Every structure is written in C-alpha cells, then in structure tokens.
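# Secondary and tertiary structure notes
This is what each chain is made of:
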Amino acid sequence: MTGNPCLALPPLWTGVGARPSAMSFGRAALPLLGALVPLLLWGCAPLPKPPEEATVRYIQIREDALPRDLYASVGDEVRWQNLTSTPVRLGLLGTQVLDRATCQQGFSRFGSLDDFVTIQPRGYVSLCFSLPGIVRYNVWLDADNPRGPMTPTGRIHLSPAS
C-alpha cells in the first residue's frame with residue numbers, strides 16, 4: 001500500500017455489489033462510527049516532534065565532575081564531557097534511572113541501555129529525562145579500576161518542563 005493509509009479506509013459494508021441501505025448503514029452503525037472515528041483520527045495524527053533546539057546542560061569531568069549539583073528541566077539533554085586525557089567510567093545510581101530516559105548517546109550496548117559507561121578522552125555521553133526528580137551518579141577517574149579514584153556523588157535536579 002502506498003500513500004497515506006488513513007485515506008484508504010475499508011468500506012463499512014461488504015459483499016459483491018453490496019450497497020449501503022438505510023437499514024445496514026443507519027442507526028445500527030452510529031455507535032460503531034462514534035467509537036471508531038476518534039480512534040482513526042488519533043491513529044492518523046502525526047507524532048509530536050521533539051523540540052527543534054533542546055537545552056543542553058554540561059557536566060565537565062576533570063579531577064572532579066562539575067557542577068556537582070546540576071539543575072535542569074525535563075526534556076533537557078544532560079552531557080557528561082570527559083576533559084581528561086584518559087578514559088573515565090560513569091555510573092548512574094538507582095535502578096530506574098534509564099526507564100526515564102527519552103534520548104541517549106553512548107549508553108546503548110547491544111540494543112539495551114547500560115547504566116555504566118566508559119567515556120573516552122575528549123568524548124561525551126548524554127541522556128534526556130522524562131520525569132522530574134533527582135538522578136545520582138559517580139565517575140571513576142580510572143575506567144579500568146573500580147576501586148580507584150572516584151569523584152564525589154553528583155546530582156542532577158530535574159524540574160518539570162517549563
């Protein structure tokens with residue numbers, strides 16, 4: 001089928017040479033039409049588009065991750081930038097943080113989102129969140145040593161979209 005599938009709706013009556021009559025298309029079909037029309041209109045409506053210019057909030061990683069407390073709105077993109085010369089490891093704290101993600105860069109592995117990611121030198125990872133709340137994270141300054149130096153826990157304070 002080509003074109004808009006919403007314009008190619010099947011007829012409400014069937015059969016060879018079938019024609020609507022006052023009885024087949026009359027009062028009996030009105031409740032059905034009343035239920036189907038809103039569903040058809042909803043199903044044919046275009047999907048909402050993401051904002052043209054989402055606000056990007058930056059967390060810069062050097063010997064610390066700053067700002068330690070980032071204030072953002074739902075829908076903003078939060079980017080963790082590794083400004084060091086070695087890879088670092090970012091860990092999101094909490095079990096449902098990624099359930100609230102609406103966009104991501106660098107958190108996907110084998111088709112699923114991962115709450116621990118390695119950020120290459122001069123690279124970044126990012127997330128957008130759909131619900132207000134607080135997201136906590138830690139950064140290990142040596143990506144290969146989970147017992148090595150770590151930044152203090154950072155927090156992203158997400159307020160409802162304005």
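A quick note: this is a predicted structure, and the numbers were derived from the prediction, not measured.

Cut-offs used in this document
Residues numbered from 1 in each chain as written. Predicted model: local features only at pLDDT ≥ 70, side-chain atom pairs only at ≥ 80, totals over all residues. Heavy atoms only, no water. Pairing = 2+ DSSP bridges. Helix = DSSP H or I, 4+ residues; strand = E, 2+ residues; numbered from the N terminus. Axes fitted to C-alpha atoms, helices over the stretch in contact; angles between N-to-C directions. Buried < 20%, exposed > 50% of the residue type's maximum accessible area, 1.4 Å probe, protein only. Contact = heavy atoms within 4.5 Å. Polar contact = N/O pair within 3.5 Å; in protein donor to acceptor, adjacent residues only side chain to side chain.

### Quick look at the sheet that holds strand β3 (residues 69–73)
Taken together, the five strands give an open sheet; going across it, the order is β3-β12-β11-β5-β9, and neighbouring strands pair in mixed fashion. What marks the edges here is a single partner per strand, and that holds for β3 and β9 (116–119). The sheet shows a mean angle of 25° between the axes of neighbouring strands, taken without regard to direction. Where β3 meets strand β12 (residues 154–159), five bridges bridge the pair, whose relative direction is parallel. Residue pairing across strands places Y71 opposite H157, the latter belonging to β12.

### What about the pairing of strand β10 (residues 124–129)?
Among the six residues that make up β10, five are buried, leaving the element largely enclosed by the rest of the structure. Summarising the sheet, strand β4 (residues 77–82) and β10 pair through five bridges and their orientation is antiparallel. For E77, the partnering residue across the bridge sits in β10 and is C128. Direction of pairing for strand β6 (residues 101–105) relative to β10: antiparallel, over a ladder of four bridges. By the bridge assignment for β10, Q104 is matched with L127.

### What to know about the side chain of S73
By secondary structure assignment, the location of S73 is in strand β3. The class of S73 is buried, set by a relative accessible area of 14%. Sequence-distant contacts of S73, defined by excluding residues within four places in its chain, comprise L158, S159, P160, A161 and S162.

### A word on the side chain of N82
Structurally, the position occupied by N82 is in strand β4. Of note is the side chain of N82, whose polar atom sits 3.0 Å from the backbone oxygen of T86. Not counting residues up to four positions away in its chain, the partners in contact with N82 are I61, P87, V88, I119, Q120, P121, R122 and G123.

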